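Below are the chains, spelled out letter by letter.
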Amino acid sequence: MRSRQCLLRQIACSSSRRWSANTAICRRKFSNSSSGSLHPHHRVHLLFGANTDVGKSVISSGLVRAAALAKNNGCQSTVNYIKPLQCGGSDESFVLLNNDHQKGGRMNDIHCHTLFSWKTPASPHLVSRWENAPVSDTEVVSKLSLLLRDIEERENFNDNNNLETATITTIIETAGGVLSPSSSSPLNKTTTSSHWGWSTQADLYAPLRIRVVFVGDGRLGGISVTLSSLEALWSRGYRVDAVVFIEGENSSSTGGDDSDSIQFGKGNAEALREYISMKQQIECQSSNGSSVFESLLQDEGAIMCLPPLPPMPVPLDDWYQSNEGSFSCLHELLHRKVYRVIHRSEAKQHKYKQLRNLGLTASHLDTSCSIRSEAKQHLVRSLSENDDNVDSFNADISPIERVVTKIKDDPTRSIYFSLMMTFCGAALGPFLDSYHSLFGVLTYNTPIVLPILGSIGKGPDLLTCVTSLWVPPLFGLAGFIIGWLYIILDTVTTDGTQGQLHPTPSKVLLGISYFTFQYWLSGILFSHGVDRSSILTIMSLLAAGGFYLLDGTTAGFVTSAATAIGGPLIEVGLISSLPESWAYHYNDVGETGFFPLWIVPVYFLGGPANGNLARGFWNALGSEEETTIAKTFGEVLGKDQIIPCSVCLGTRAVKCPNCDDGTFVTYGERVVCNACRGKGRVICRDCFSKYGDDPADIENIRRIMDRLPD
C-alpha cells in the first residue's frame with residue numbers, strides 16, 4: 001500500500017512539473033501579447049468561483065457598480081464587463097439590469113461584452129459539441145486579448161477621457177468553477193480520436209497572467225471546495241487579490257433563537273484566514289520569504305463575507321444598495337493592490353533606464369567573471385527578477401527606442417551635455433588648429449592673432465593663437481556632433497566594457513593630451529621638411545595606437561571613421577566656397593589638390609579624444625544612484641569583461657519552471673522539487689555554448705548547480 005502511494009505521488013509530481021513547464025512556455029509566449037502589455041491605468045481582474053451558483057455574477061455586478069460610481073484622480077471610471085464563455089441565459093443582461101438604477105445616470109460608463117455563447121445551459125465542453133460550435137483555447141485567449149487592447153484604444157481616442165488620468169476597470173467573469181471545463185474544439189492540443197479536447201478554466205486563462213478576485217462557497221461544506229480551488233489557482237501562478245463569500249442560508253442552529261443561527265459564510269471566511277495564516281508561516285521558511293498567500297494577508301478586507309441574498313424572485317436593488325459600502329471598499333482595495341504593483345514596477349523601470357543610460361543593455365548584464373561579494377550577487381540577481389507583470393528589461397528593445405529613451409529620460413542632462421561639448425570644441429579647437437598655422441601647414445587670408453601671456457606672436461610661438469572668426473563655431477559644432485555620436489552609438493552597440501564606457505578623468509586628459517601631441521608633431525614634421533609619405537605613416541601609427549589605447553569600441557571606430565572622412569570633405573567645401581576675406585589654404589595641397597593626405601589620420605584621432613571627453617561629461621551629469629550602479633558593475637564585471645548572456649545575467653541559473661522557490665504543492669502537501677533540488681533555480685541552458693559545456697553531461701550540470709550559491 002505504501003509503495004503504491006509513493007508511486008502515485010511520483011506520478012503526481014511528474015505531472016505537476018510537466019504542467020508547470022508548459023505553463024511557463026505559455027507565459028513566455030503570451031507575455032508580449034496584447035494583454036501582456038496593458039496600460040498601467042487599465043485595471044483588469046479575472047473573477048473565478050469555487051463552483052457554479054456561488055454568486056460570481058452577483059459579485060461581478062457589484063464590482064461593476066462600485067467602479068462606475070467611483071472617482072479616480074478626479075475622473076470617472078470607465079467600466080467593462082466581459083463574459084468570455086456563456087452557456088444559456090445572459091450574465092451580461094443580469095449585470096446591465098442591476099446597474100440600471102445607478103446614481104447620477106452613469107449608464108454610459110458601463111460596457112458589456114460576451115465573446116462566445118451557446119443556447120444550452122450546460123458545461124461549455126458539452127454544448128460546444130452538441131451545437132457543433134467548437135471554440136479553441138487559442139481563439140478565446142486571442143479574442144479576449146484583442147478586446148482588452150481595443151478597450152484601451154477606444155478610451156484613448158475619446159476626447160472626454162485621458163488614459164494618463166482616467167481609470168479603466170475591466171471585470172472578466174469565468175464560467176463555472178476553477179477547474180470547470182472550457183469549450184471543446186478539435187484544434188485543442190488535448191483532442192483525441194474519440195473526443196474534442198478542452199482545458200480547465202484555470203488553465204485557459206493562465207497565460208494571460210491577470211490578477212484574480214475569487215468567490216468562495218459560503219454554504220455548508222464550502223471550506224473544502226474553496227481551499228481546493230484556491231490551491232489550484234495558486235499552483236498555476238495566479239495572484240489572488242481578494243476572496244469574497246456570500247452568506248448561505250442559516251440552515252442550522254443551536255437552539256430556537258435566531259441569534260444562535262450558524263452563519264456558514266462567515267465561518268468559511270474565518271477558516272480561510274486561519275488556513276492562510278498557517279500556510280504563510282510554512283512559506284516564510286523558504287529562502288526568500290516570499291509567499292503566494294501574501295496578497296491576501298497584507299490588506300484588511302481582502303477576505304470578506306457579504307449578507308445572504310434575498311429569496312428569488314425578489315430584485316437585488318435593495319441588497320446592492322445596503323452593501324454598497326462593502327463593494328466600494330473592495331473596489332478601492334483592488335485599486336490599491338494593482339497600483340502598488342505599478343509603483344514597484346516603475347521603480348524597477350527607473351533602475352533599468354539608468355542601466356541603459358550606462359550602456360548596460362540586457363546583453364551587458366552577464367557576469368561570467370567571478371563575483372566575490374554576496375551583495376554584488378544580490379544586485380545582479382535582483383536585476384534579473386521580473387516584477388508581477390513587467391518583463392521589460394530583458395525584452396527586445398530596438399536601438400531607436402534606446403536612443404530616444406536616453407535623450408528623453410533627462411532633458412536637462414542632454415542640454416547641459418550639448419552645451420559643454422560645444423563649449424569645449426569651440427575653446428580647444430582653435431588652439432589645436434593654431435599649431436598648423438604657426439608651423440606653416442595652412443594660412444588664413446585674414447588671421448586673428450591672440451597673444452597669450454604677453455607673447456608677441458612672432459615665429460612658431462606656442463603661446464600665440466592664430467585663427468579666424470568662423471573657426472570656434474565650426475569646432476564647437478564638431479564637438480557637439482562627435483559627442484552625441486559617441487553617446488548614441490554607445491547605446492546602440494553592445495561591445496563596450498565598463499572601463500571603455502566610463503573612462504576615468506586621467507584617461508580623458510590623456511586622450512586630449514595625446515591628440516594635442518599628434519597635432520603639434522604633425523606641424524613640427526611639416527616645418528622641418530619631412531616628406532608627405534613619412535608624415536602620413538607616422539600620423540597613421542599614432543592614430544591606430546591612440547584608438548587602441550583610448551577607445552577600442554565599435555561606437556568609437558564608427559565615429560572616428562566618420563570624422564576622418566567628414567572632416568576633410570568639409571575642408572574641401574570651405575576652401576572652395578569661403579569669401580576671400582575669410583578664406584584659407586594649405587601651403588602644401590598634397591595628393592588631393594586641397595590638403596595632404598596625412599590630415600586624415602589626424603582627424604581620425606579626434607574621435608577617441610572627443611569621445612572620452614563626451615563619455616566623461618555624460619557620466620558626470622548622471623544621477624548619484626546611476627554613478628553608484630556604474631561603480632558597482634565596474635567592480636563586478638572588471639575593466640575588460642565583455643558581457644554576452646542576456647538570459648541568466650551570468651549567474652548561470654534561471655528560475656525553475658517546475659516549482660515555486662524550490663517547492664510545490666501536490667495532494668495538499670508542499671514537497672521539495674526534484675528538478676532543482678529545492679534551490680528554486682536550474683542551470684541556464686543558453687550558457688552551454690558560451691562555456692563549452694555539454695548539455696547532455698548530467699554529472700557536470702549537477703557539479704555546476706552544486707557550486708551555485710543558495
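Everything numeric here is computed off the predicted structure, so don't read it as measured data.

Engineer: How do you make sense of the environment of Gly-49 when you look at a structure like this?
Structural biologist: You can see Gly-49 is positioned in strand β1 (residues 42-49). You can call Gly-49 buried: its relative accessible area is 0%. Those residues in contact with Gly-49 that sit more than four places away from it in its chain are Val-54, Lys-56, Thr-174, Gly-176, Gly-177, Val-178, Phe-214 and Val-215.

Engineer: Is there a simple way to explain the pattern of salt bridges in this structure?
Structural biologist: Pairs may arise between side chains of opposite charge once their charged atoms sit close together. Tallied over the entire structure, the rule returns 10 salt bridges. Across the pair Asp-551 and Arg-615 runs a salt bridge, and its minimum N-O distance is 3.6 Å. With Asp-551 in the loop between α18 (532-550) and α19 (554-577) and Arg-615 in helix α20 (residues 599-620), this residue pair connects regions lying 64 residues apart in the sequence. The class for Asp-551 is buried, based on a relative accessible area of 3%. Taking relative accessible area as the criterion, Arg-615 reaches 1% and is therefore assigned buried. Among the charged side chains, a salt-bridge network with shared partners connects Lys-83, Asp-91 and Glu-173.

Engineer: Can you help me understand empty space enclosed by the protein in this one?
Structural biologist: With a probe scaled to a water molecule rolled over the atoms, the places where space remains empty come into view. Inspection of the entire model under this criterion finds 2 cavities of 30 Å³ or more. Elements supplying a minimum of two residues to the lining of the second largest cavity: α2 (56-69) and α11 (324-357). Ranked by residue count, the leading element in the lining of the second largest cavity is α2, at 3 residues. Residues of the lining of the second largest cavity, tallied by class, amount to 4 nonpolar, no polar and 2 charged.

Engineer: Before we go on, may I ask you to explain the pairing of strand β12 (residues 464-467) in this structure?
Structural biologist: Successive side chains on a regular strand alternate, one facing one side of the sheet and the next facing the other. Alternating positions in β12 separate into two faces, Thr-464 and Val-466 on one and Cys-465 and Thr-467 on the other, with burial throughout. Sheet topology places strand β11 (residues 448-451) next to β12; 4 bridges connect them, and they run antiparallel. In the strand pairing of β12, Leu-450 is matched with Cys-465.

Engineer: Teacher, can you tell me more about the confidence of the model for the protein chain here?
Structural biologist: Regions with low pLDDT should not have their predicted coordinates read in detail. Summary statistics for the protein chain give a mean pLDDT of 76 and a share of 69% for residues scoring 70 or more. Here residues 454-460 is modelled with pLDDT under 50, and outside its nearest four sequence neighbours on either side it reaches 8 contacts, counting other chains as well. Low confidence marks residues 631-644, where pLDDT is under 50. Its contacts with residues over four positions away, or in another chain, come to 42 contacts.

Engineer: What should I look at first to understand the environment of Asn-610 in this one?
Structural biologist: Take Asn-610: it is sitting in helix α20. Once residues lying within four places of it in the same chain are set aside, the contact partners of Asn-610 are Met-421, Gly-479 and Ile-482. Of note is the side chain of Asn-610, whose polar atom sits 2.7 Å from the backbone oxygen of Gly-606.

Engineer: In this structure, what is going on with the environment of Gly-662? I would like to understand it.
Structural biologist: With respect to the helices and strands, the residue Gly-662 is situated in the loop between β14 (653-655) and β15 (663-666). We classify Gly-662 as buried; its relative accessible area is 0%. Between the C-alpha atoms of Gly-662 and Ala-675, which are 13 residues apart in sequence, the distance is 8.7 Å. Not counting residues within four places of it along the chain, the set of residues in contact with Gly-662 comprises Val-671, Val-672, Cys-673, Cys-676, Gly-678, Lys-679 and Gly-680.

Engineer: Mind showing me how you'd approach unusual backbone geometry here?
Structural biologist: As a rule of thumb, non-glycine residues mostly have phi less than zero, and peptide bonds are mostly trans rather than cis. Even without being a glycine, Asn-132 presents a positive backbone phi close to 50 degrees. Mapped onto the elements, Asn-132 comes out in the loop between α4 (124-130) and α5 (137-156). Overall, Asn-132 belongs to the exposed group, its relative accessible area being 58%. Although it is not a glycine, Arg-209 sits at a positive phi angle of roughly 55 degrees. Here Arg-209 is to be found in the loop between α6 (201-205) and β7 (211-215).

Engineer: Help me out: how do you make sense of helix α17 (residues 505-527) in this one?
Structural biologist: For an α-helix the count is 3.6 residues per turn, leaving residues at separations of three or four pointing the same way. Taking 1.5 Å of rise per residue, 23 residues should cover 33 Å, and α17 covers 33 Å from first to last C-alpha, within 8% of that figure. Taken as a whole, α17 has its buried residues at Lys-507, Val-508, Gly-511, Tyr-514, Phe-515, Gln-518, Tyr-519, Leu-521, Ser-522, Gly-523, Ile-524 and Leu-525. Just past α17, the residue Gly-529 takes up positive phi, approximately 80 degrees.

Engineer: Looking at this structure, I do not really get the side chain of His-42. What am I missing?
Structural biologist: Looking at where His-42 falls in the secondary structure, it is placed in strand β1. Residue His-42 is classed as buried on the basis of its relative accessible area, which comes to 5%. Of note is the side chain of His-42, whose polar atom sits 3.1 Å from the side chain of Glu-152. Within the structure, the side chain of His-42 is placed 2.7 Å from the side chain of Thr-170, a separation counted as a polar contact. Apart from residues no more than four positions distant in its own chain, His-42 is found in contact with Leu-148, Ile-151, Glu-152, Ile-168 and Thr-170.

Engineer: Teacher, can you tell me more about the sheet that holds strand β9 (residues 303-306) here?
Structural biologist: In a beta sheet, neighbouring strands are held together by backbone hydrogen bonds and run either parallel or antiparallel to one another. Ordered in space as β5-β4-β6-β1-β7-β8-β9, the 7 strands form an open sheet in which the pairing is parallel. The outermost strands of the open sheet, each flanked by one partner alone, are β5 (110-118) and β9. Put simply, the sheet's adjacent strands are angled 20 degrees from each other on average, direction ignored. Sheet topology places strand β4 (residues 78-87) next to β5; 8 bridges connect them, and they run parallel. Across the sheet, residue Cys-87 finds its bridge partner in β5, namely Trp-118. Contacts from α2 reach β1, β4, β5, β6 (168-173), β7, β8 (240-246) and β9, with the element oriented near 175 degrees to β6.

Engineer: In this structure, what is going on with α19? I would like to understand it.
Structural biologist: In a regular helix each residue adds 1.5 Å, so 24 residues correspond to 34 Å; α19 covers 34 Å between its end C-alpha atoms and thus fits that length. Looking only at α19, the buried set comprises Ala-555, Gly-556, Thr-559, Ser-560, Thr-563, Ala-564, Gly-567, Pro-568, Glu-571 and Leu-574. Buried residues along α19 sit in contact with α15 (471-492), α18, β13 (584-586) and α20.

Engineer: It is not clear to me how a nonpolar patch on the surface should be interpreted in this structure. Could you clarify?
Structural biologist: A contiguous nonpolar surface patch, about 310 Å² in accessible area, is contributed by Leu-477, Phe-480, Ile-481 and Leu-485. With respect to the helices and strands, Leu-477 occurs in helix α15. In this structure Leu-477 comes out as partly exposed when scored by relative accessible area, which is 45%.

Engineer: So what exactly am I meant to see when it comes to the packing of α17 against α20 here?
Structural biologist: In a packed pair of helices, the relevant descriptors are the angle between the two axes and the axis-to-axis distance. Direction vectors running N to C along α17 and α20 enclose 160 degrees, while the axes themselves pass 8 Å from each other. Relative to α20, α17 is oriented roughly antiparallel. The handedness of the crossing between α17 and α20 comes out as left-handed. Note on element contacts: α20 touches α17 through Pro-601, Val-602, Leu-605, Gly-606, Ala-609, Asn-612 and Leu-613, opposite Lys-507, Val-508, Gly-511, Ile-512, Tyr-514, Phe-515, Gln-518 and Tyr-519. Taken together, the residues of the contact of α17 with α20 break down into 10 nonpolar, 4 polar and 1 charged.

The rules behind the values
- Residues numbered from 1 in each chain as written.
- Predicted model: local features only at pLDDT ≥ 70, side-chain atom pairs only at ≥ 80, totals over all residues.
- Heavy atoms only, no water.
- Helix = DSSP H or I, 4+ residues; strand = E, 2+ residues; numbered from the N terminus.
- Buried < 20%, exposed > 50% of the residue type's maximum accessible area, 1.4 Å probe, protein only.
- Contact = heavy atoms within 4.5 Å.
- Salt bridge = Lys/Arg side-chain N within 4 Å of Asp/Glu carboxyl O.
- 1 Å grid on protein atoms, 1.4 Å probe; cavity = no way out; pocket = protein on both sides within 12 Å on 5 of 7 lines; lining within 4 Å.
- Points joined across faces, edges and corners; volume = space filled by probe spheres on them.
- Nonpolar A, V, L, I, M, F, W, Y, C, P; charged D, E, K, R; others polar.
- Pairing = 2+ DSSP bridges.
- pLDDT = per-residue confidence, 0-100.
- Polar contact = N/O pair within 3.5 Å; in protein donor to acceptor, adjacent residues only side chain to side chain.
- Expected span 1.5 Å × (residues − 1).
- Axes fitted to C-alpha atoms, helices over the stretch in contact; angles between N-to-C directions.
- Patch = residues over 30% accessible without salt bridge, like charges linked within 9 Å, V, L, I, M, F, W, Y side chains within 5 Å.
- Areas by Shrake-Rupley, 256 points an atom, 1.4 Å probe, with all protein chains shown as cover.
- Parallel < 35°, antiparallel > 145°, perpendicular 65-115°, else oblique.
- Left-handed = near helix turned anticlockwise from the far one by under 90°.

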